[in-house]
2 protein chains.
Amino acid sequence: MVSPIKMKKMNKDYLNEKSLDPDDWDAFNELLYKVSDDLVEYLKNVGERPVWKSLPKDSRKLFDESLPRTGTEYAKVYDEVKQHILPYPTNNIHPRFWSWVGGTGTPSQLIADMVISAMNSGSLGLDETASTYVEMQLLDWLKVLLDYPSDSSGLLVSGGSMANLVGLAVARTNAAQYDVRNDGIDIKNNSRLIYYSSTETHSCIRKAMELLGLGSESLKLIPVNNDYTINIDLLNQAIESDIEHGNTPACIIANVGTVNTGAIDPLIELSKIAKKQNIWLHSDGAFGAITKLAKKSKHLVEGMELSDSIAFDLHKWMYIQYDCGCVLIKGGAPHKETFSVIPPYIKNFERGLASGPINFSEYGVQLSRSFKALRAWMALKIEGSDKFGELVEQNINQAKYLTNLVIKNQHLEILSPTSLNIVTFRYINKEIDENLINDFNAELLMRLHETGKHAPSSALLDGIFSIRVAITNHRSRLDDFNKLVDDVVIIGNNMLEDYI
Amino acid sequence: MVSPIKMKKMNKDYLNEKSLDPDDWDAFNELLYKVSDDLVEYLKNVGERPVWKSLPKDSRKLFDESLPRTGTEYAKVYDEVKQHILPYPTNNIHPRFWSWVGGTGTPSQLIADMVISAMNSGSLGLDETASTYVEMQLLDWLKVLLDYPSDSSGLLVSGGSMANLVGLAVARTNAAQYDVRNDGIDIKNNSRLIYYSSTETHSCIRKAMELLGLGSESLKLIPVNNDYTINIDLLNQAIESDIEHGNTPACIIANVGTVNTGAIDPLIELSKIAKKQNIWLHSDGAFGAITKLAKKSKHLVEGMELSDSIAFDLHKWMYIQYDCGCVLIKGGAPHKETFSVIPPYIKNFERGLASGPINFSEYGVQLSRSFKALRAWMALKIEGSDKFGELVEQNINQAKYLTNLVIKNQHLEILSPTSLNIVTFRYINKEIDENLINDFNAELLMRLHETGKHAPSSALLDGIFSIRVAITNHRSRLDDFNKLVDDVVIIGNNMLEDYI
């Protein structure tokens, strides 16, 4: 028990109480109007600005300034943002941005983001509030969209990396024949848990293996076929070999759209293997899972719904603002068993604020969280899910279009089959030395960025440097790809004299 | 190499290209004005609304509706939000919200959130863009504020749970005498890594231990003193005992403000032990770390800067909108060594878009992320860091004030020393049966919520149910605590006849 507690001496300096509310609400409201005006212009004309430009010295200088101890007027700070920050974004909102897998986002979500900011809801789930029900409803909608059973559990997370980490953690619980939460990974008294995926698998899977204490050694990367899908025979061999050696095959990670080329592993076959061997099947559908919404292309991801868990992003191919990923895990699965810890201070009550229907922390890492669910909830209401499917279809079609342009162009070489929304290619010329061709194309890509006209990224495919165009962009138009091909060829042709 | 790739058949349905941009930008701009008006009113009058009320049937019904396949006008969807969502928030923005450790947020961050939403920057760090430099600058400012060396590494993450996970992962790398990333946790050929913290430690630490494959068994929870700080003698004994038994003491987790009572472990003593035994010292300063900004109270967290890593939240006691946590790790530490994986598709270039100065993914789990750094960056510019310190001081002072009110009140009993910003107490009456007193106070808390007047949460202290008031709220006023005490006593007195 506590020893007697004495009266506290108050500090008189702080009796004149302050807050962080604006002194003048009307002026603040006016400023929000101005910000609205500016941002509407910003979004409306995004395609007219360069897709990338380097930061001028002035802006660099601002970012070297030391900690501000005293304040500055709202409007002045906003002016700095307008002058030095808004013009130099990552620019995944630009119609000719095709780097990595950057989602475009959607203007209407400005509304959601304002509401989220004002409410600032802690969104625990255990709070009996609208944010809780919105998130639960959104998860239900996502299950319908991805053809997952309604009794699956799910969670919104920061993105695909985190969603994969959750899925792989659940697979660990499922496979371990001991109390892995209590004991930790135990290869002394138990067999090693082995995970399988293709060599094209995203690096976040390796990172998850390492974080989970399983070790990247326990991630068997199976070679791929010519189309960059996993080689099923080699997978089967690896599993059999592990069983022979006393290891425990624990999880297969299916790629629903690889990061390099958009290749989709044979999902139905993987599901059969997983069933037969009693192995957890996890789908990494960071962007590819959203193909399920596209009526004419959904067959490409058929079988994805057979996996035990799926990780995917809303901030990529569903054009939701950053950051928002999601993981869904099939009913009866050890999802809650992996994460649930309920200490008394987040106890659920029968009535009042803390009488909410769920405790989201039982399904992942976070406790209090942003009310990000509202973004996707409003977006689905405003656009309707069919529209997202049509836009995915549109991007797939644009990838086909670009593929055809590349194939038809004598200066360019396509480097991977276009199975979804990613096109990889390079500039070629017989006169360029074999040893220089990678450097040549890397230089070409940098020059392309420097024109401010196009922003693809790169991939290394069997040692070949490739320009990589990943289309998760609702603002891209077919003509943008004509221009891309033209500009790549012009730059390449101009570079030739330096390289031959 | 790839087999010959054929021309793709285009789908003519998608040649009429669509986007997610508004059909009418002006109408959209008008709607943003309306949203601004509403939200300014919402924030301005927050204290006049109840801190909590249950959702009416109508709203519940909305949240049961099935997936919307087709769209709805922006304004109509916003009206639904206004009617069914805005009135039912977690309400950590309310002056009399003191549950869990919910931060208030700041109205001016509406500006930042609008800019973040419009830019939607992928914020990788490897992109040569303003978002990269803003985040690096913010991290530098935070190092200054917490007295961490400028060559420390750092990362913005989703919150305290994730920040702690990162810190504990780095401690794992530091302590393991083998390649833990490759091999996984190996207690077959190596000794067990042991982490130490007090029994008052937040549940996210246990969760991190479990996720990292270390096992909660390897987390030794050391009993606390009467003031809920860690018992140093017992800690020393535990460490010695582990060394004797061939285990490896790997990490001490210092509580800089426990979740139950705000107790601060003896940081300088812990640092001495950690140094002597060559153990990683990690500070969990989820809210307490921000005390460092308060000029008169910063001595309470003296020694925090001696830890090797620190996890803290900006969305709690720095009143930044959700979600934003941060981890700082001392220079030369194995932070990057724990997380760095750079596959070719996120390769850094010398020039162009991908020529940014850092790759944030080398310091944590995420790859593309929201540009959340802008919120705290703008907040520090607008308010100045001194102001945050004053508000922290104000909250500490309010906790003292409430403590005195409770001590002076014959119906109430204080249950823990108020060392920071958390006050725990209960209603007492000699006539209430010992076995019913916990139920009594839980019922009292629910009734308090139901009045809509106050929202504290609860804690269980040595088996005693306590009403717990955690003040990380810049809108609370001294008089709010007068009202709280009055209302608790009124409700308690009214309940008496049912319990005695």
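Whatever comes next refers back to the structure up there.
In this report, the structure presented in the accompanying data block is examined. This is a predicted model, so every value here is computed, not measured. (Residues numbered from 1 in each chain as written. Chains lettered and ligands numbered in written order. Predicted model: local features only at pLDDT ≥ 70, side-chain atom pairs only at ≥ 80, totals over all residues. Heavy atoms only, no water.)

### Structural notes on the overall build of chain A
Of the regular secondary structure elements, chain A holds 15 helices and twelve strands. At 26 Å, chain A has a C-alpha radius of gyration in line with the 23 Å of a compact globule built from 500 residues. Seen through its C-alpha atoms, chain A measures out along the principal axes to roughly 85 × 65 × 40 Å. Across the 500 residues of chain A, 68% fall into the buried class. Nonlocal contacts in chain A, meaning residues at least 24 apart in sequence, comprise 75% of its contacts between residues at least 6 apart. (Helix = DSSP H or I, 4+ residues; strand = E, 2+ residues; numbered from the N terminus. Rg over C-alpha atoms; globule rule 2.2 N^0.38 Å. Buried < 20%, exposed > 50% of the residue type's maximum accessible area, 1.4 Å probe, protein only. Contact = heavy atoms within 4.5 Å.)

### Description of the interface of chain A and chain B
Taken residue by residue, the interface counts 205 residues in chain A and 205 residues in chain B. Buried area between chain A and chain B, summed over both chains or domains, comes out near 18600 Å², and the portion from carbon and sulfur atoms is 62%. The interface formed by chain A and chain B includes 18 salt bridges. Between Asp13(B) and Lys296(A) there is a salt bridge; the shortest N-O distance is 2.1 Å. The tally of links between chain A and chain B comes to 114 residue pairs in polar contact (both at pLDDT 80 or more). Broken down by element, the side of chain A that touches chain B gets its largest block of residues, 16 residues, from helix α13 (residues 385-408) of chain A. (Buried area = accessible area lost by both parts, 1.4 Å probe. Salt bridge = Lys/Arg side-chain N within 4 Å of Asp/Glu carboxyl O. Polar contact = N/O pair within 3.5 Å; in protein donor to acceptor, adjacent residues only side chain to side chain.)

### What about the sheet that holds strand β5 (residues 248-255) of chain A?
Residues and elements named next belong to chain A. The seven strands are arranged β2-β8-β7-β6-β5-β3-β4 in an open sheet whose pairing can be described as mixed. Sheet topology places β2 (153-157) and β4 (219-222) at the edges, where each strand pairs with a single neighbour. Between one strand and the next, the sheet's axes are offset by a mean angle of 20°, whatever the strand orientation. In terms of strand pairing, strand β3 (residues 193-198) meets β4 through four bridges, oriented parallel. Paired with Ser 197 across the strands is Leu 221, a residue of β4. Contacting β3, β4, β5 and β6 (280-284), helix α8 (residues 203-211) runs over the sheet at an angle of about 160° to β4. (Pairing = 2+ DSSP bridges. Axes fitted to C-alpha atoms, helices over the stretch in contact; angles between N-to-C directions.)

### Things to note about helix α6 (residues 160-175) of chain B
If you check α6(B), its first and last C-alpha atoms are 22 Å apart, about what 16 residues at 1.5 Å a residue would give, namely 22 Å. Most of α6(B) sits out of view: 15 of its 16 residues are buried. (Expected span 1.5 Å × (residues − 1).)

### Some thoughts on the relation of the copies chain A and chain B
Superposing chain A onto chain B takes a rotation of 180° combined with a translation of 0.0 Å along the rotation axis, leaving an RMSD of 0.0 Å. What the superposition gives is, in effect, a two-fold axis relating one chain to the other. An overlap of 100% is found between the interface residues of chain A and their copies at the interface of chain B, pointing to a shared contact surface. (Least-squares fit on C-alpha atoms with pLDDT ≥ 70 in both.)

### Topic: the pairing of strand β8 (residues 325-329) of chain A
All names here are of chain A. Of all five residues in β8, five are buried; the element is thus mostly enclosed. In β8, alternate side chains face the same way, and those of Gly 325, Val 327 and Ile 329 on one face and Cys 326 and Leu 328 on the other are all buried. Bridge analysis of β2 against β8 gives five bridges, and the strand direction is antiparallel. Bridge pairing in β8 links Val 157 to Gly 325. When strand β7 (residues 309-313) meets β8, the two strands line up antiparallel, connected through five bridges. Within β8, the position partnered with Asp 313 by the bridge is Gly 325.

### Considerations on the environment of Ile382(A)
If you trace the backbone, Ile382(A) turns up in helix α12 (residues 373-383). Ignoring anything within four residues of it in the chain, the contact list for Ile382(A) reads Ser108(A), Gly71(B), Thr72(B), Tyr74(B) and Val77(B).

### Some points on the nonpolar core
Tyr195(A) and Tyr195(B) are the most contacted members of the largest nonpolar core, which has 264 residues in total. Excluding its chain neighbours within four sequence positions, the residues that come into contact with Tyr195(A) are Leu168(A), Ala171(A), Arg172(A), Met209(A), Leu214(A), Ser218(A), Leu219(A), Lys220(A), Ala250(A), Cys251(A) and Ile253(A). (Core = buried A, V, L, I, M, F, W, Y, C linked by side-chain atoms within 4.5 Å.)

### Some remarks on the pattern of salt bridges
Residue and element names in this part refer to chain A. Enumeration according to the criterion identifies 56 salt bridges over all chains in this entry. Lys 387 is the partner of Glu 383 in a salt bridge, and the nearest nitrogen-oxygen pair spans 3.5 Å. Residue classification places Lys 387 among the buried residues on the basis of a relative accessible area of 19%. Of the charged contacts, one joins Asp 487 and Lys 453 as a salt bridge, the two residues approaching to 4.0 Å between their closest N and O atoms.

### Details of the packing of aromatic side chains
Within the structure shown, the criterion is met by 24 aromatic pairs over all chains. Ring centres of Phe349(A) and Phe465(B) lie 6.1 Å apart, and the angle between their planes is 75°; this geometry places the pair in the edge-to-face category. A residue pair is termed interchain when its members come from two chains, as with Phe349(A) in the loop between α11 (335-339) and α12 and Phe465(B) in strand β12 (residues 464-470). Grouping residues by exposure puts Phe349(A) and Phe465(B) together as buried. Feature note: the residues Phe63(A), Tyr133(B), Trp141(B) and Trp377(B) constitute an aromatic cluster, connected by ring pairs. A cation over an aromatic ring shows up here: Arg49(B) above the ring of Tyr42(B), its NZ or CZ 4.1 Å from the ring centre. (Phe/Tyr/Trp six-rings, centres within 6.5 Å; stacked < 30°, edge-to-face > 60°. Lys NZ or Arg CZ within 6 Å of the ring centre and 35° of its normal.)

### Describing the packing of helix α13 (residues 385-408) of chain B against helix α15 (residues 478-499) of chain B
Residues and elements named next belong to chain B. Running from amino to carboxyl end, α13 crosses α15 at an angle of 30°, the nearest separation of the two axes being 10 Å. In terms of axis orientation, α13 runs roughly parallel to α15. Handedness of the α13/α15 crossing: right-handed. Where α13 abuts α15, its residues Gln 398, Tyr 401, Leu 402, Leu 405 and Val 406 lie against Leu 478, Phe 481, Asn 482, Leu 484 and Val 485. (Parallel < 35°, antiparallel > 145°, perpendicular 65-115°, else oblique. Left-handed = near helix turned anticlockwise from the far one by under 90°.)

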